[in-house]
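Commentary on secondary and tertiary structure
One letter stands for each residue in the lines below.
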Amino acid sequence: MATDARGEADEEADNVLPSTLKLYETQFFGFTPQTCMLRIYSAFQDCLYDILPVVEKVCVRQLARGESAESEELLRARARECSRKLQRFLDARFKLLAERMEALLSERCFSVPPAVLLPEDRLHETYPQHIQEVLRLESSLADLQSAYEAEVCARQALLSELEEQREVQKQLDGILAWVRELQAAWVKEGNGSFHESFQLVMESVKKLQDAVGEVCNKTPQ
């Protein structure tokens, strides 16, 4: 019985037309008149379902004094039938009353005047802007975002290149240190000018490479 009535109330809430909803009022109050009345109606049904069985038991106990068990059972069945009729009657009456209350609440209580704004909408009242200006600002913001992303990518590429240059510089420093050590050892041994000797060594290495190349070319495959 209670489940059926609540199911009907839920179906009514689901069948609310979008045209009957006041979106700004809903945003302002946090609920709609329909949901408010639905909660009141559910609370009334809960109270009714709790009270009727108690009243039924009290009536049966008072009227069944001195009666036989068969008469008491018959009286209990009639009391249950009367309780159901009373419940249907009260449900129908309260449903009509709820519809009137919902209309009054929508018109007089949960209606936001045109001059009243939500806190988050007051900024638009203070700084009104046309739609073209808003679109222009959004386009500029998108361009700035794209430019910022391009700058970030370029910065990352420069950092990667700088890191590669640092590695190359370390390698060059190592080669120069090795050449200095070699030059110092050459001078220490009294082998004359390092630059002239190094040039002769390079020429000898080149001649040796050419000779190896000729031998490789003459060797049958």
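Structure report, in brief. (Residues numbered from 1 in each chain as written. Predicted model: local features only at pLDDT ≥ 70, side-chain atom pairs only at ≥ 80, totals over all residues. Heavy atoms only, no water.)

1. Structural notes on the packing of helix H3 (residues 33-63) against helix H4 (residues 69-109)
- Two numbers describe how H3 lies on H4: the axes approach to 9 Å, and their chain directions differ by 160°. In terms of orientation, H3 and H4 fall into the roughly antiparallel class. Every pair of crossing elements has a handedness; the one defined by H3 and H4 is right-handed.
- Across the contact of H3 with H4, the residue classes break down as 18 nonpolar, five polar and six charged. (Axes fitted to C-alpha atoms, helices over the stretch in contact; angles between N-to-C directions. Helix = DSSP H or I, 4+ residues; strand = E, 2+ residues; numbered from the N terminus. Parallel < 35°, antiparallel > 145°, perpendicular 65-115°, else oblique. Left-handed = near helix turned anticlockwise from the far one by under 90°. Nonpolar A, V, L, I, M, F, W, Y, C, P; charged D, E, K, R; others polar.)

2. Some details on H4
- Turning to H4, its buried residues are Ala79, Ser83, Gln87, Asp91, Phe94, Ala98, Leu105 and Ser106.
- Packing partners of the buried residues in H4 comprise H3. (Buried < 20%, exposed > 50% of the residue type's maximum accessible area, 1.4 Å probe, protein only. Contact = heavy atoms within 4.5 Å.)

3. Structural notes on the packing of aromatic side chains
- For the coordinates displayed, the defined rule picks out two aromatic pairs.
- Consider the rings of tyrosine 41 and phenylalanine 94, whose centres lie 5.7 Å apart with planes at 15°: the pair is stacked. Separated by 53 residues along the polypeptide, tyrosine 41 in helix H3 and phenylalanine 94 in helix H4 bring together distant segments of the chain. In this structure, tyrosine 41 and phenylalanine 94 share a single accessibility class: buried.
- Note on phenylalanine 44 and phenylalanine 94: the rings are 4.0 Å apart at their centroids and 10° apart in plane angle, and the pair reads as stacked. Linking phenylalanine 44 in helix H3 with phenylalanine 94 in helix H4, this pair joins segments that are 50 residues apart in sequence. (Phe/Tyr/Trp six-rings, centres within 6.5 Å; stacked < 30°, edge-to-face > 60°.)

4. A few points about H3
- When the terminal C-alpha atoms of H3 are compared, their 44 Å separation across 31 residues agrees well with the 45 Å that a helix rising 1.5 Å per residue should span.
- Burial in H3 covers these residues: Pro33, Gln34, Cys36, Met37, Tyr41, Gln45, Leu48, Tyr49, Leu52, Glu56 and Val60. (Expected span 1.5 Å × (residues − 1).)

Treat this as a map of the structure, not an account of what it does.
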